[in-house]
Each structure stands twice: as C-alpha cells, then as structure tokens.
Amino acid sequence: MAKRRQARFTTEDLEGLPQLDDESPALWDESRGEVPRKLLTSAVRCFASNGFHATTTRDISGAVGLSPAALYVHFPSKEDVLFEIVRTAHDRALAYVTEPAMTGLDDPVQHLRVLVARYTEWHARYHVAARVSQYELAGLSAEHYDEILETRHRTNIVFRTAVEHGVTSGAFADVDVKRVARAILSLGIDLIRWYRRDGADSPEQLGAFTAQLALKMAMTPDLDLAS
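Residues numbered from 1 in each chain as written. Predicted model: local features only at pLDDT ≥ 70, side-chain atom pairs only at ≥ 80, totals over all residues. Heavy atoms only, no water.

Novice: Looking at this model, I keep getting lost on the packing of aromatic side chains. Mind explaining?
Specialist: Both the distance between ring centres and the angle between the ring planes are used here to describe each pair of aromatic rings. Going through the model one piece at a time under the given rule, you end up with four aromatic pairs. For the ring pair Tyr119 and Phe159, a centre distance of 4.9 Å and an interplane angle of 65 degrees mean the geometry is edge-to-face. Highlighted residues: Tyr119 in helix α7 (residues 108–125) and Phe159 in helix α9 (residues 142–169), separated in sequence by 40 residues. The ring centre of Phe52 lies 4.4 Å from the NZ or CZ of Lys78, which sits over that ring. Against the face of Tyr96 rests Arg118, its NZ or CZ located 3.9 Å from the ring centre. (Phe/Tyr/Trp six-rings, centres within 6.5 Å; stacked < 30°, edge-to-face > 60°. Helix = DSSP H or I, 4+ residues; strand = E, 2+ residues; numbered from the N terminus. Lys NZ or Arg CZ within 6 Å of the ring centre and 35° of its normal.)

Pasting the structure below:
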C-alpha cells in the first residue's frame, strides 16, 4: 500500500494556529521596511508548515495580501527568503549568548547555567523561525549553506569553550567536552519540535530546567560516554 502523503496546508489553514505563534516578527532588521518584514514572517509560517520546497511564492505573498510577483520586488528568489530567515536566526541566537554580560561571568558553573538558559529561552521565544532555520537547510544554495555552517561552528565553539573551562578548572567532571557540548546544544534546540506559547512552560522556565540538566551532565563524575 502506498504511503499516504501529508496534506498541504493553505494560507487559510495557517490562520490562528497556536503552534505558529511566536515572536519571529521581531527578528527582522527594521531597515528592510514593513513589506519585506511581513513577507519574511509569512515565509516562516509557510516553510514551518509545508517545508521550503512545497511552499510557493504565491503562498508567501498571498498571506499578506500581495501578488506572487511582489516577493521578487524585495528578494531575488524564494531561496534568498529562506537564507535571510536562516541567517538571521543563527546570527541572533549566537549574539544572544555572546553579549557582554555573558563574557563577564567568570564562574564556570554560573556561566554554563546562564549560557544554556539563554540559548533555550531564545529557541522557545522564536521557535517557529528556529524550526525553519534548523530543518530547511537543504533548501539553501551551496554558498549560503557554507555561510550558515560557519555560524553554527562559532556557536559550537562557545559551548565547547564553556564546558572545557569547567573541566580544566575542576568545577566539572572530566567529561568528553565535545560530546557533552553537543548534547547540551541539542537540549536547547530540540524544543522547537513541540514548543507552543500556550503550553505549560514559559521560555524562562524551560531555560532554567534545561540549564539544570546541562549542569548535571557536566558535573556527574561517573558519566561514562565512551561505553
């Protein structure tokens, strides 16, 4: 028996869906103007629901009351829309965990706690845009993908450095830094699959909970990751 294809959501279907309610409209650079920002927000909702390849320019433009051709006035292609969403999300998430207030935290335990909490909060607050930026990378051109890969690498370094600092100072157990850092990053990102603003946990509550899990991983002396 052939596998049943998932139904494609129309722009009318997407109206008022609680799972698409997040703060993504606040991400876009205001210098772009109101119409491009509305198109980016519409694209986030469409890509998150139907995927990049199944979304048409008519879907994106129609949701904000414009003709399909209107998108090309502001973006060279649909792929450029995706790239702007993914680039912005990755850049903003990295900036949020490398602000000056973060670099002033010398205690490795407090630093990792705040780092993980902020990273988790960010992904909860912008969970729809974050979902697109994590799951639709295959829609990017090779050049754009390489640029995003570099930002992801810089983010990984932030977390690996935080864990390594705790290990070398003796605040954390002698854990595998790369594996623990990777697991911690996954904790902060995985929520984009299921998080809803009308759920039981606020971004801050999730951040605090995830930070506690991260510290337990880093500070458990008998954590055997090699087996």
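On we go.
Novice: How do you make sense of the nonpolar core when you look at a structure like this?
Specialist: Buried together is how nonpolar side chains tend to be arranged in soluble globular proteins. In terms of nonpolar packing, the biggest core is built from 60 residues, with Phe47, Ile85, Leu112, Phe159 and Val163 touching the most fellow members. Counting residues per element, the ones that place at least two in this core are α2 (34–50), α5 (78–96), α7, α8 (127–135), α9, α10 (177–190) and α11 (203–219). Those residues in contact with Phe159, other than ones at most four positions away along the chain, are Leu115, Val116, Tyr119, Ala181, Ile184 and Leu185. (Core = buried A, V, L, I, M, F, W, Y, C linked by side-chain atoms within 4.5 Å. Buried < 20%, exposed > 50% of the residue type's maximum accessible area, 1.4 Å probe, protein only. Contact = heavy atoms within 4.5 Å.)

Novice: Can you help me understand α11 in this one?
Specialist: For an α-helix the count is 3.6 residues per turn, leaving residues at separations of three or four pointing the same way. Helix length check: α11 (17 residues) gives 24 Å between terminal C-alpha atoms against 24 Å at 1.5 Å per residue, within 8%. Among the residues of α11, those classed as buried are Pro203, Leu206, Gly207, Thr210, Ala211, Ala214, Leu215 and Ala218. Residues of α11 that are buried sit in contact with α7 and α10. (Expected span 1.5 Å × (residues − 1).)

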